[in-house]
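A look at the structure
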Amino acid sequence: MMMLTDGENWEVQSTTTIDAGDANTIFLVDHCWTFHAEQVKKALRSIPGLAQRISSLTGVGYPDGDGYESEEETGLEELIEKLSEKIWDLAETYTIQKDEEKVTVCYMMDELGSRIQHSEEPNMKMAPFFHITKQFAVTLMWPVEDEIAPETSISRDITQSETDAGKRAARLAIFRDHIEVDHDKLRMDEVEELNPYMMYGRKDQTLPEEIPSDSEHPAYLRMKTASPSDPIKVFTDLKFMAEALSDPLFKAVNSDKDADFISSSENFDKFKEFYEQHPTKIINQFPNENVICCKDLLLKVARRCKIEEKDRERSDELIIERLNSQSKTWAGDMHPWWFPIGFDLVNELPVFVRNFLEREEAGLDNSWIIKPWNMSRGRGTYVTSNLAMIVKLAYTCPKVVQKYIENCALLPWRCG
C-alpha cells in the first residue's frame, strides 16, 4: 500500500490486487501511541519526538506552510494544548481487565492506519487486537470485498459498523467538517426498547410485605441490648472495615450465619427472603438504592420530577418524546432546576450530540463532565468541551454526561 497527498488531504491506495481469499491479506497496523486520557499532555511533554509525530498526523503545528503554525510561532505549551484537542479525531479505544477493574486504553494508529478514510461503502474493516500473553496491541485490517484492484483507495467505516441510525449519525458528527450530518437522524429509539433499570445485569429486588416499626423491630432490639460482654457480631468482606472494628461493642466474625450485622460489597436483592430467615439481622444496603447511587438511574429519577403526577404512568414515553422534539431549547425543560442537564450515553448519545451542536451554534458554554454510571472515587471521570473525546469514550463502558457547573455558588472565605 502507498500513501498519497495533495498537500492537505491524504489517501491510502492499494499497490497490488488484494484478494479476500488470500490469508496474506490480513494486515497488521501498528499503534504509534498508546495512552490514558488523563495523561495526554504529560506524555506529549515528556516523550521525545511524540509531539512532532502527532503534529504531523493531525496537521497541527507541523509541517510549516499555509494554514499551519510552526512550533516557534505557537510555543510548545500552546502546541500541546491544540494537540490534546485534535488527537480525539484520530484516537480509538479498547477496554482491558486489570485486577478487578476494567481499564480504558486509548491509542492512535500509525501514519498509514490514521490516514485511511471513511466510506459508507468501505472495502476494508479494522479492529484492535490485544495479545494477552505478550501484552501488546495492534490493529487488524482485512478486506470486505472479494477483490480490490491496484490503485484503489482504501477505506473503512469509522463508526465500526454501528447499525443504529441515530448512534451512527452521532459518531459521524465529530467529523462534521468533511462529513455531512443529518440532524434529523440524531434521535432516540422507541421507548419500548429502553429499560435502563434492567440493563447491565440489574435484577428486580424482593421486599418484605410488612415490617415492624423501628422501636419494635427485632434487629433494633438486638442492637439496643449490645454490650462489651455481648457485642454486635459483624461479618464483612471489606478488609479495611474488619480491621477498624476496635470498639468493644463490636466483634468481627468469619461467617454471615453468626453475624448480627452484615456489610457486603456485593449487590443484594433478596430482602424478603433475608428478613424472613433472619429477622434480627441487619444488612448494609437499602432496597433499590441503585436508583439513586447509579448515575443513569439518578438521571431518570430526576427527570421524572418534571413530569406531572397525572402523567407519571407514561413518564418514560413523555421523556423520549421531549428529547426527540427538542429544538434549540437545549433540553432545559427536561430536568429540574437543581439537576444539571444530562444524558445517558448508552441510549441517548444521538440527542446529546444534537444538543451539543445546537449549543455550539448558539455560542453557549459546552463544558461537560463524563463519568461511568457505576464507579466511584472519580475513576474514569473527565471534564471536557471536546465532542470527539466524549463520543469516543462513550463506547468504552456505560457512561453518563452532564453539563458541568458554569456558575458556581462560591462562599466568601478569609485566609490568614
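Residues numbered from 1 in each chain as written. Predicted model: local features only at pLDDT ≥ 70, side-chain atom pairs only at ≥ 80, totals over all residues. Heavy atoms only, no water.

Across its full length, the chain carries 14 helices and 20 strands. Counting the 416 residues in the chain, one finds 40% classified as buried. Put simply, of all contacts in the chain between residues at least 6 apart along the chain, 61% involve residues at least 24 apart. If you sum the accessible surface of the chain, you get close to 24300 Å²; carbon and sulfur atoms cover 51% of it. (Helix = DSSP H or I, 4+ residues; strand = E, 2+ residues; numbered from the N terminus. Buried < 20%, exposed > 50% of the residue type's maximum accessible area, 1.4 Å probe, protein only. Contact = heavy atoms within 4.5 Å. Areas by Shrake-Rupley, 256 points an atom, 1.4 Å probe, with all protein chains shown as cover.)

This next bit is on the sheet that holds strand S7 (residues 101-109). Pairing in this open sheet of 3 strands is antiparallel, and the strands run S5-S7-S6 from one edge to the other. Taken across any chain shown, the strands that pair with only one partner, and hence form the sheet edges, are strand S5 (31-35) and strand S6 (92-98). Direction aside, the axes of adjacent strands within the sheet are offset by 30 degrees on average. The sheet contact formed by S6 and S7 spans 7 bridges and is antiparallel. In the strand pairing of S7, Thr93 is matched with Cys106. With respect to the sheet, helix H2 (residues 50-58) is in contact with S5 and S7, its orientation differing from that of S5 by roughly 115 degrees. (Pairing = 2+ DSSP bridges. Axes fitted to C-alpha atoms, helices over the stretch in contact; angles between N-to-C directions.)

Tracing the backbone shows Asp269 in the loop between strand S15 (261-263) and helix H9 (271-277). For the buried Asp269, no salt bridge exists, and the shortest N-O distance to an oppositely charged side chain is 4.4 Å, to Lys270. Contact partners of Asp269, with chain neighbours within four places excluded, come to Lys203, Asp204, Gln205 and Thr206. (Lys, Arg positive; Asp, Glu negative; His and termini not counted. Salt bridge = Lys/Arg side-chain N within 4 Å of Asp/Glu carboxyl O.)

Quick look at a negative patch on the surface now. A cluster of acidic residues, Asp19, Asp22, Glu121, Glu145, Asp146 and Glu147, forms a negative patch at the surface. Tracing the backbone shows Glu145 in the loop between strand S10 (136-143) and strand S11 (147-148). The exposure class of Glu145 is partly exposed, given its relative accessible area of 33%. (Patch = residues over 30% accessible without salt bridge, like charges linked within 9 Å, V, L, I, M, F, W, Y side chains within 5 Å. Charge placed at Lys NZ, Arg CZ, Asp CG, Glu CD.)

Further remarks concern the pattern of salt bridges. All chains considered together, the criterion is met by 14 salt bridges. In this structure, the salt-bridge partner of Glu77 is Arg45, at a minimum N-O distance of 3.0 Å. Taken together, the residues span a long stretch of sequence, with Glu77 in helix H4 (residues 76-86) and Arg45 in helix H1 (residues 40-46) at a distance of 32 residues. Assessed through its relative accessible area of 45%, Glu77 is described here as partly exposed.

Our focus in this paragraph is the packing of aromatic side chains. Counted according to the given criterion, the structure contains 11 aromatic pairs. Taken together through their ring pairs, the aromatic side chains of Phe343, Phe352, Phe356 and Trp368 make up a single cluster. The lysine or arginine in question, Arg115, covers the ring of Trp10, its NZ or CZ lying 3.8 Å from the ring centre. Above the face of the Tyr395 ring, Arg171 is positioned so that its terminal group lies 4.2 Å from the ring centre. (Phe/Tyr/Trp six-rings, centres within 6.5 Å; stacked < 30°, edge-to-face > 60°. Lys NZ or Arg CZ within 6 Å of the ring centre and 35° of its normal.)

Next up on the list: the packing of helix H13 (residues 349-362) against helix H14 (residues 387-394). Interhelical geometry of H13 versus H14 gives an angle of 175 degrees and a closest axis separation of 11 Å. Here H13 is positioned roughly antiparallel relative to H14, judged by the angle of their axes. Along its contact with H13, which presents Leu349, Phe352, Val353, Phe356 and Leu357, the element H14 presents Leu387, Ile390, Val391 and Ala394. (Parallel < 35°, antiparallel > 145°, perpendicular 65-115°, else oblique.)

Moving on: the layout of surface pockets. Roughly 1500 Å³ of volume is contained in the largest pocket. Lining the largest pocket are 47 residues, and of these Trp373, Asn374, Met375, Ser376 and Arg379 lie nearest its centre. In terms of residue count, S7 provides more of the lining of the largest pocket than any other element does, 5 residues in total. Looking at side-chain class alone, the lining of the largest pocket contains 17 nonpolar, 17 polar and 13 charged residues. (1 Å grid on protein atoms, 1.4 Å probe; cavity = no way out; pocket = protein on both sides within 12 Å on 5 of 7 lines; lining within 4 Å. Points joined across faces, edges and corners; volume = space filled by probe spheres on them. Nonpolar A, V, L, I, M, F, W, Y, C, P; charged D, E, K, R; others polar.)

Within the fold, Pro228 resides in the loop between helix H7 (218-224) and strand S13 (232-236). Non-local contacts of Pro228, meaning those with residues more than four positions away in its chain, are made with Pro248 and Leu249.

On to the confidence of the model for the chain. Confidence in the prediction for the chain averages 82 pLDDT; 83% of positions are at 70 or higher. Element-level pLDDT for the chain is lowest in helix H3 (residues 71-74), with a mean of 51, against a maximum mean of 95 in S5. (pLDDT = per-residue confidence, 0-100.)

Strand S18 (residues 368-372) sits mainly inside the fold: 5 of its 5 residues count as buried. Along S18, one buried face is formed by Trp368, Ile370 and Pro372 and the opposite face, lined by Ile369 and Lys371, is buried too. Examined bridge by bridge, S18 and strand S20 (residues 399-403) share 5 bridges and lie antiparallel to one another. From the neighbouring strand, Ile370 faces S20, where its bridge partner is Val401.

As a further point, take the sheet that holds S15. The strand order across the open sheet built from 4 strands is S14-S13-S15-S16, with neighbouring strands paired in parallel fashion. Of all the strands in the sheet, the pair left with one neighbour each is strand S14 (250-252) and strand S16 (282-283). As paired elements, S15 and S16 share 2 bridges and run parallel to each other. Looking across to S16, one finds that Ile262 is bridged to Ile283.

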